[in-house]
Amino acid sequence: MNKKRLYQILNYALPFVTVVIIVAVYAIISKVVGIELIAPSVGATLKEFFALFGQGYFYKAVGGTLLRALIAYVLSFALALVLAILTKFCAPLRRAFSPIVALVRVLPTMSLVLLALIWFKSFQATVLVAFCVIFPMLYTGICDAIDGVDKDLIEMARVYGVSKSRLVSKLYIPQALPSVFTSIKSSIGLNLKLIISAEVLAQTADSMGLYMQLAKLNLDTAILLAWTIVAVVIGGIIEGIVSLIAKRAVKWL
């Protein structure tokens, strides 16, 4: 077996092995504790996990959470992209806008959640919370990606009279896109976690966060862990899709 083939096998096998080890460690902890309320068995947790797929409210909850996550992320990315482009070509605007970005970045998430619940409905509050955390990350990442474009190549293109449209399509986008996708991959999973956390506090109808909160109030740890596994699986699928799109996009460019 050549090294390339071995590397491919390990590349797929090692994540699976890691998951097996984590489950095994948890199973040992559950056995040692011996109290289902604190650490339910792997079997009990998996039973609740698969039982969720037979419940009608499960799909409404997952759909509602994903909708709020999508709205928050699209708004964050769209505004971050527009402002990053505008501030790239207008230095005074970037200096004027930087304190706002810094303020939003350091704003305590819990304080933001509580204020949002006072000012807005639960649906709007969850979206606002995720937006205020994700937007500064994306804005900074896109600004850094644009700033990282080779300045010598930009100057050369201007000397040779390359059109602005060609400069953007052939230089800015190919060089900035990998870094932009890096920012997306590092923030899209966090976006889902923020939405679910806000849903727990806001007790948003038809949401994963609501059913996590109900499981906690009912002291049903197995169901809470089952919902946690659902969130992890969805987050992993989303990040996997983004990674696949990033690879295809970079190859296409």
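Residues numbered from 1 in each chain as written. Predicted model: local features only at pLDDT ≥ 70, side-chain atom pairs only at ≥ 80, totals over all residues. Heavy atoms only, no water.

The grouping of F16, V17, V20, I21, V25, I29, V33, I35, L37, I38 and L219 at the surface amounts to a nonpolar patch, some 1000 Å² of accessible area in total. Position of V33 among the secondary structure elements: in helix α1 (residues 3-33). With relative accessibility at 34%, the residue V33 sits in the partly exposed group. (Patch = residues over 30% accessible without salt bridge, like charges linked within 9 Å, V, L, I, M, F, W, Y side chains within 5 Å. Areas by Shrake-Rupley, 256 points an atom, 1.4 Å probe, with all protein chains shown as cover. Salt bridge = Lys/Arg side-chain N within 4 Å of Asp/Glu carboxyl O. Helix = DSSP H or I, 4+ residues; strand = E, 2+ residues; numbered from the N terminus. Buried < 20%, exposed > 50% of the residue type's maximum accessible area, 1.4 Å probe, protein only.)

This paragraph deals with the nonpolar core. Counting 57 residues, the largest nonpolar core has V62, F135, Y139, I184, M208, W227 and V230 as its most contacted members. The contacts of V230, once residues within four sequence positions are left out, are F49, L52, F58, V62 and M208. (Core = buried A, V, L, I, M, F, W, Y, C linked by side-chain atoms within 4.5 Å. Contact = heavy atoms within 4.5 Å.)

Moving on, we come to the environment of T126. Relative to the helices and strands, T126 is located in helix α6 (residues 122-147). For T126, a relative accessible area of 0% translates into the label buried. Each C-alpha atom, one on T126 and one on R68, is 7.3 Å from the other, the two residues being 58 residues apart in sequence. If we ignore the near neighbours within four places in the chain, the residues touching T126 are R68, I195, A198, E199, A202 and T204.

Okay, the layout of surface pockets next. In this structure, the largest pocket encloses a volume near 400 Å³. In terms of lining, the largest pocket is formed by V19, I22, V23, Y26, V42, T45, L46, L225, T228, I229, V232 and V233. Broken down by secondary-structure element, the contributors of at least two residues to the lining of the largest pocket are α1, α2 (42-52) and α10 (221-252). Residue composition of the lining of the largest pocket, grouped by class: 10 nonpolar, 2 polar and no charged. (1 Å grid on protein atoms, 1.4 Å probe; cavity = no way out; pocket = protein on both sides within 12 Å on 5 of 7 lines; lining within 4 Å. Points joined across faces, edges and corners; volume = space filled by probe spheres on them. Nonpolar A, V, L, I, M, F, W, Y, C, P; charged D, E, K, R; others polar.)

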